[in-house]
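A structural walkthrough
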Amino acid sequence: MNKFESFAGLAAPVPLMNIDTDMIIPKQFLKTIKRTGLGSSLFYEMRYDLDGKEKPDFILNRPPWNDAEILITGENFGCGSSREHAPWALMDFGIRCVIATSFADIFYSNCFKNGILPISLPEDAVESLMALSGVGDNARITVDLENQQVIAPDGTSHSFEIDPFKKKCLLEGLDDIALTLEKASAIDVFENDRKLTRPWL
């Protein structure tokens, strides 16, 4: 997993509440176990018509927001099933940060495991950022994980809370596998000791 570094990115406003994981990535795209290739199917039913053509009015189909790195949306984002394909699709599209008033718990945890920073902010802050992001390419939002700040295009700063361990994992690019490998030497000592003391196992 890549380290999460501070960046200034284009934000796409999606002013909807209760966007569930089936809206983020529909069930027909869950057959793969690869983390790549799902970005084109992100928000599939909102982005495409019945013939598979892009809907020109959907924000992620319109320049400059088709290159967005930040998503700003409503409360309870990521509700529904626990599919990890949802953060995979966001990451593959290029979304590195999602800002909302609240998140579903499992989706929130899955974001950290896949290098995406989910940020909860008060409703007035989210509405302000959403309005500013609608301006387009000149309205870039700065996400500073180290200092836990979201800085709006007009210079307004919004502080956010984050679990220290989750913050460390993002900053250092540590997913569950990397965290386990950090303890590889201790695991080797345990395994060798077990072979000596319990050879029948």
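These figures come from a predicted structure and were not determined experimentally. Residue positions are given per chain, counted from 1 along the sequence in the order it is written. At least 70 in pLDDT is required for a residue's local features to be given in this predicted model, at least 80 for side-chain atom pairs to be given and counted, and no such filter applies to totals for whole chains, interfaces and linings, which use all residues. Neither water nor hydrogens contribute to the side-chain values; these are computed over all heavy atoms in the structure.

1. A few points about the overall build of the protein
Under the DSSP-based scheme used, a helix requires at least four consecutive residues in state H or I and a strand at least two consecutive residues in state E, with every element numbered from the N terminus. Along its length, the protein carries 8 helices and 7 strands. Across its three principal directions, the C-alpha atoms of the protein cover 65 × 45 × 25 Å. Between two residues, a contact is recorded if the distance between any of their heavy atoms is within 4.5 Å. Of the contacts formed within the protein by residues at least 6 apart in sequence, a portion of 64% connects residues at least 24 apart. To be clear on the numbers: accessible area is Shrake-Rupley with a 1.4 Å probe, and residue cover counts the displayed protein chains and nothing else. Carbon and sulfur atoms form 53% of the exposed surface of the protein, whose accessible area is close to 10,800 Å². Across the protein, 20 positive and 30 negative side-chain charges occur, with their mean positions spaced 8 Å apart. Charged-residue counts in this description rest on Lys and Arg as positive and Asp and Glu as negative, His and the chain ends being excluded. A charge is said to be at NZ when it belongs to Lys, at CZ for Arg, at CG for Asp and at CD for Glu.

2. Overview of the pattern of salt bridges
A pairing counts as a salt bridge when a side-chain nitrogen of Lys or Arg comes within 4 Å of a carboxyl oxygen of Asp or Glu. A full pass over the atoms with the stated rule returns 3 salt bridges. As a salt-bridge pair, Arg83 and Asp22 come within 3.0 Å of each other at their nearest N and O atoms. Of this pair, Arg83 sits in the loop between β2 (70-73) and α3 (85-93) while Asp22 sits in helix α1 (residues 21-24), and the two are 61 residues apart along the sequence. Note that Glu172 is salt-bridged to Lys168, the shortest N-O span being 3.1 Å. Linking Glu172 with Lys168, this pair stays in helix α6 (residues 164-172), spanning 4 residues, or about one helical turn. In this structure Lys168 comes out as partly exposed when scored by relative accessible area, which is 36%. Burial classification: accessible surface area is computed with a 1.4 Å probe over protein chains only, and a residue below 20% of its type maximum counts as buried, one above 50% as exposed, and the rest as partly exposed.

3. Re a negative patch on the surface
Two joining distances apply to patches: 9 Å for like charges and 5 Å for nonpolar side chains (Val, Leu, Ile, Met, Phe, Trp, Tyr), and every residue must have over 30% relative accessible area and no salt bridge. A surface patch of negative charge is lined by Glu75, Glu123, Asp124 and Glu127. Inspection of the secondary structure assignment puts Glu75 in the loop between β2 and α3. For Glu75, a relative accessible area of 38% puts it in the partly exposed group.

4. Considering the sheet that holds strand β3 (residues 97-100)
Strand pairing in a sheet is mediated by backbone hydrogen bonds. Such pairs are either parallel or antiparallel. We call two strands paired when DSSP finds no fewer than two bridges between them. What the 7 strands build is an open sheet, ordered β4-β3-β2-β1-β5-β6-β7; its pairing is mixed. At either end of the open sheet lies a strand with only one pairing partner, and these are β4 (117-120) and β7 (157-159). In this sheet, adjacent strand axes meet at a mean angle of 30° when their direction is disregarded. In this analysis an axis means a line fitted to C-alpha atoms, helices contributing only their contacting stretch, and an angle means the value between N-to-C directions, from 0 to 180 degrees.

5. Quick look at the packing of aromatic side chains
Each aromatic ring pair is characterised by the separation of its centres together with the angle its planes make. Pairing of aromatic rings covers Phe, Tyr and Trp, the last counted by its six-membered ring, and requires centre-to-centre distances within 6.5 Å; plane angles under 30 degrees mean stacked, over 60 mean edge-to-face, and any other angle means tilted. By the definition in use, this model includes 9 aromatic pairs. Relative to Phe103, the ring of Phe77 has its centre 6.3 Å away and its plane inclined at 90°; by these criteria the two rings are edge-to-face. With Phe77 in the loop between β2 and α3 and Phe103 in the loop between β3 and α4 (105-113), the pair connects residues that are 26 residues apart, well separated along the chain. Summarising the burial analysis for this pair, Phe77 and Phe103 share the class buried. Working rule: Lys NZ or Arg CZ, within 6 Å of ring centre, within 35 degrees of ring normal, means a charge sits over the ring. Across the ring face of Phe112, the terminal group of Lys166 is positioned such that the distance to the ring centre comes to 5.8 Å.

6. Quick notes on the nonpolar core
By convention a nonpolar core is built from buried Ala, Val, Leu, Ile, Met, Phe, Trp, Tyr and Cys residues, the set being connected through side-chain atoms within 4.5 Å. With 31 residues, the main nonpolar core has Ile24, Phe43, Leu60, Leu71, Phe77, Leu90 and Phe107 as its most contacted residues. Per-element accounting of this core gives the leading share, 5 residues, to α3. Sequence-distant contacts of Phe43, defined by excluding residues within four places in its chain, comprise Ile19, Met23, Ile24, Phe58, Leu60, Leu71 and Phe77. Counting residues in each nonpolar core, the second largest holds 23 residues, with Ala11, Ile70, Leu121 and Met130 among its members.

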